[in-house]
Every structure is written in structure tokens, then in C-alpha cells.
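Below, each chain spelled out in residue letters.
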Amino acid sequence: MPDALPGVTAGTWVIDPAHSNVGFAVRHLMSKVRGRFTAFEGQLVIDEDPARSSASVSIDMASVDTGNEMRDNHLRTRDFFDVEQAPKMTFTSTGLRQDGSRWLLTGDLEIRDVTKGVEIELEFLGADPTGVQGEPRVGFGGRTSITRSDFGIDFGLVEGAKIVVGDKVEIELEVEAFLAG
């Protein structure tokens, strides 16, 4: 593996949800509401040439958790995620490139049957050859933002002159994965 990812072995890495986080923040009135999804799965396929690596993730939209049951139940409705009709959010990478000291992962994000391209700024957090129970592990952090109305989610965008729920959603990822096989 090139020096860009020291200690990383080429292969398929399985995302460990117990040691990973898919989080978000969105403006609500004068503050931000933060939340996360607790049920997701995915894999990273790391190539000898990191630029040929890929990632795929599936997130159970019903697993949304903002710390407020009433709000979480509303997020599951047709006003937001419509989990009965679109139970999963998926991400499939289309490219990876290095830009100075950072990595940019591009891909297709699908929410509510709408697919849009996104770019995630990645940070390599390191590799551990012996992991939790002797298995190799690797870690990445990622940040991006999306415009929720691009995915047909426009509930609460404008009520008169005030913003009830912002259109921009900040996404923060912490991913730990173990080498499959």
C-alpha cells in the first residue's frame, strides 16, 4: 500500500457499526439539531492503488435517533424520510482522489428514491494490525453536506420569514472497519 495509507492492507473491509457513527446536524429555528442513524452496514474495498478503492453503505432510515422520540417518529413519516416507502438510504462511491493531504470520495447518495452525487472529504485515522481481537482494523472520518430539498424533503423549509428546519444538512462520519476473511 502506498505511503498515503500506511499500514493498510488491500482487501475488503467490513464497517463495524458498533465502532462507527453516521451523524448529522440541521438547523432548527435558532439552533442545530443533531442526530444519528444506529443501524447501517457497508464495506470498503481498498485497492493497492487507493484511487481505485470503493465504498458502499446502506442505512436503515427507521433507525434515526435525535434523542427525542416524538421528533424521531415525525422524521420517519412522509414529511421527511417516508420509511414505509423508502426504508434505506444508500451510498455507492464512484471515485476517490487525493487532494494534497486530504482524500475526496465521490459517489451516489440515494434518499427516497432520488439519487444525487456527493463529495465526502475523508481523513485517514489510521490502521491497527491487531485490532480489538487480533483482526486488522482501519479508521476514517468524513464530512459533507447535502441540500435536503434536492432529495424531495422540503417540510418546514420556510414559514413566513423564519426557517423552521434548514435545507442544508451537515453529515459527519466516523468509520472503523475490519478486514474480511
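Heads up: these notes are all about the structure in this document.

### Here's the deal with the overall build of the protein
(1) Moving on: Helix and strand counts for the protein come out as one helix and eleven strands.
(2) Moving on: The order of helices and strands in the protein, counted from the N terminus, is β-β-β-β-β-β-α-β-β-β-β-β.
(3) Moving on: The C-alpha atoms of the protein give a radius of gyration of 17 Å, which matches the 16 Å a tight globule of 181 residues would have.
(4) Moving on: Viewed in the frame of its principal axes, the protein has a C-alpha envelope of about 55 × 35 × 30 Å.
(5) Moving on: For the protein, with 181 residues in total, the buried portion stands at 39%.
(6) Moving on: Of the contacts made within the protein by residues no fewer than 6 positions apart, 57% connect residues no fewer than 24 positions apart.
(7) Moving on: Approximately 9,900 Å² of the protein is accessible, and the part contributed by carbon and sulfur atoms is 49%.
(8) Moving on: Positive and negative side-chain charges of the protein, numbering 18 and 30 respectively, have mean locations separated by a distance of 7 Å.

### Some details on the packing of aromatic side chains
(1) Moving on: The full count for this structure, using the stated rule, is four aromatic pairs.
(2) Moving on: Ring centres 5.2 Å apart and planes at 65° place the aromatic pair F80 and F155 in the edge-to-face group. Separated by 75 residues along the polypeptide, F80 in the loop between helix 1 (69-75) and strand 7 (88-99) and F155 in the loop between strand 10 (137-147) and strand 11 (165-179) bring together distant segments of the chain.
(3) Moving on: With centroids separated by 5.5 Å and ring planes inclined at 50°, the aromatic side chains of F124 and F140 adopt a geometry described as tilted. Of this pair, F124 sits in strand 9 (residues 114-128) while F140 sits in strand 10; the two residues are 16 residues apart in sequence, bridging distant segments of the chain.
(4) Moving on: F140 gets classed as buried once you look at its relative accessible area, which sits at 13%.
(5) Moving on: Put simply, the rings of F24, F37 and F81 touch in pairs and so form one group of aromatic residues.

### Points about the environment of G126
(1) Moving on: If you trace the backbone, G126 turns up in strand 9.
(2) Moving on: Sequence separation of G126 and P6 is 120 residues, and the distance between their C-alpha atoms is 7.6 Å.

### Describing the nonpolar core
(1) Moving on: One finds F37, L44, F81, L109, I111 and I146 to be the most contacted residues of the largest nonpolar core, which totals 42 residues.
(2) Moving on: At six residues, strand 11 tops the list of elements feeding residues into this core.
(3) Moving on: Setting aside anything within four residues of it in sequence, one finds L44 in contact with G11, T12, W13, I15, S54, A55, F140, V175 and A177.

### Focus: the pairing of strand 8 (residues 102-111)
(1) Moving on: Pairing of strand 7 with strand 8 involves nine bridges; the strand directions are antiparallel. In the strand pairing of strand 8, S93 is matched with G107.
(2) Moving on: From the end of strand 7 to the start of strand 8, which pair antiparallel, there are two residues, and G100 there has a positive phi angle of about 70°.
(3) Moving on: Two elements, strand 8 and strand 9, share nine bridges in a ladder whose sense is antiparallel. When the sheet's bridge partners are listed, I111 is paired in strand 9 with V114.
(4) Moving on: If you look at the hairpin formed by strand 8 and strand 9, you'll find two residues sitting between the two strands, and R112 has a positive phi there, around 55°.

### As for the pairing of strand 1 (residues 11-15)
(1) Moving on: Strand direction decides the pairing type here: strand 1 and strand 4 (residues 40-46), joined by four bridges, are antiparallel. Across the sheet, the residue bridging to V14 is Q43, located in strand 4.
(2) Moving on: Two strands pair when backbone bridges link them, and strand 1 and strand 11 are joined in this way by three bridges, in the antiparallel orientation. Counted as the bridge partner of W13 is L179 from strand 11.

### Digging into unusual backbone geometry
(1) Moving on: One non-glycine residue, L29, lies in positive phi territory at about 55°.
(2) Moving on: Within the secondary structure, L29 sits in the loop between strand 2 (21-28) and strand 3 (31-37).
(3) Moving on: On the accessibility criterion, L29 (26% relative accessible area) is partly exposed.
(4) Moving on: Even without being a glycine, D113 presents a positive backbone phi close to 65°.
(5) Moving on: Within the secondary structure, D113 sits in the loop between strand 8 and strand 9.
(6) Moving on: For D113, a relative accessible area of 60% corresponds to the exposed category.

Each value, and the rule that gives it
Residues numbered from 1 in each chain as written. Predicted model: local features only at pLDDT ≥ 70, side-chain atom pairs only at ≥ 80, totals over all residues. Heavy atoms only, no water. Helix = DSSP H or I, 4+ residues; strand = E, 2+ residues; numbered from the N terminus. Rg over C-alpha atoms; globule rule 2.2 N^0.38 Å. Buried < 20%, exposed > 50% of the residue type's maximum accessible area, 1.4 Å probe, protein only. Contact = heavy atoms within 4.5 Å. Areas by Shrake-Rupley, 256 points an atom, 1.4 Å probe, with all protein chains shown as cover. Lys, Arg positive; Asp, Glu negative; His and termini not counted. Charge placed at Lys NZ, Arg CZ, Asp CG, Glu CD. Phe/Tyr/Trp six-rings, centres within 6.5 Å; stacked < 30°, edge-to-face > 60°. Core = buried A, V, L, I, M, F, W, Y, C linked by side-chain atoms within 4.5 Å. Pairing = 2+ DSSP bridges.

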